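Spelled out from the first residue to the last, the chains are:
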Amino acid sequence: RTAARDLRTVAALVLLAQLAGRGAHALYFHIGETEKRCFIEEIPDETMVIGNYRTQLWDKQSESFLPSTPGLGMHVEVKDPDGKVVLSRQYGSEGRFTFTSHTPGEHQICLHSNSTRMALFAGGKLRVHLDIQVGEHTNNYPEIAAKDKLTELQLRARQLLDQVEQIQKEQNYQRV
């Protein structure tokens, strides 16, 4: 009976983890040369966040977005709920930024072009593809499995434990 109850509890946690799977957000948006786009992400404390992005330039001749030219990049700035800067850095036309929250709450993630010359913007439009991963979604499980020599079952147990830990962090954040 105890084993069956434990199995049901694990199954319920897995289902809850699957339903709560709000750990990755992918989107794209358009900005002009001087525009800044900010996103608000509610993040529990001590939670890792990874953002991957790439940019494309609008080409008037082909009327489509093309890969960005060298020299064009993005400035990424992240502020915690208290307005303190957690990250402020220049990146290239493609990049990856990471930070760990130390204060629970709404974090502001802002991106804008580092270009000051309209010549880089053919037509004045830039498309930015952005993928934000939060919590256990930041883990590269195939890499972890290879490094730690885990079996498939051990890896799945590790994933479930990470999901449970993330759910606990989110529940603690909601309580606050």
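Residues numbered from 1 in each chain as written. Predicted model: local features only at pLDDT ≥ 70, side-chain atom pairs only at ≥ 80, totals over all residues. Heavy atoms only, no water.

The name given to the chain in an unreviewed UniProt entry is Transmembrane p24 trafficking protein 4, with the source organism recorded as Chelydra serpentina. Quoted verbatim from the Sequence similarities (unreviewed entry) heading of the UniProt record, the comment on the chain is "Belongs to the EMP24/GP25L family." (UniProt positions renumbered as here; feature names shortened; annotations may be inferred.)

(A) Focus on helix 3 (residues 152–175). Taking 1.5 Å per residue as the helical rise, helix 3 with its 24 residues ought to reach 34 Å, and the 35 Å between its terminal C-alpha atoms agrees with that figure. Listed in full, the buried residues belonging to helix 3 are L155, L160, D162, Q163, Q166, I167, E170 and Y173. (Helix = DSSP H or I, 4+ residues; strand = E, 2+ residues; numbered from the N terminus. Expected span 1.5 Å × (residues − 1). Buried < 20%, exposed > 50% of the residue type's maximum accessible area, 1.4 Å probe, protein only.)

(B) Spatial organisation of the state of the cysteines. Summed over all chains, the structure comprises one disulfide. Linked covalently through their sulfurs, C38 and C110 form a disulfide whose S-S length is 2.0 Å. Taking the torsion about the sulfur-sulfur bond, which here is approximately 110°, the covalent link between C38 and C110 counts as right-handed. You can see C38 sitting in strand 2 (residues 36–43) and its partner C110 sitting in strand 8 (residues 105–113), a full 72 residues away along the chain. (Disulfide = S-S within 2.5 Å.)

(C) Up close: the pattern of salt bridges. In total, this model carries five salt bridges according to the counting rule given. Measuring nitrogen to oxygen at the nearest pair gives 4.0 Å for the salt bridge that ties R158 to D162. With R158 and D162 both in helix 3 and four residues apart, this pair spans about one turn of that helix. Here R158 falls in the partly exposed class, since its relative accessible area comes to 32%. D162 gets classed as buried once you look at its relative accessible area, which sits at 16%. One salt bridge connects K169 with E165, and the closest N-O pair in it is separated by 3.9 Å. Of the two residues, K169 and E165 both sit in helix 3, four residues apart, roughly one turn of that helix. Classification of E165 as partly exposed rests on a relative accessible area of 40%. (Salt bridge = Lys/Arg side-chain N within 4 Å of Asp/Glu carboxyl O.)

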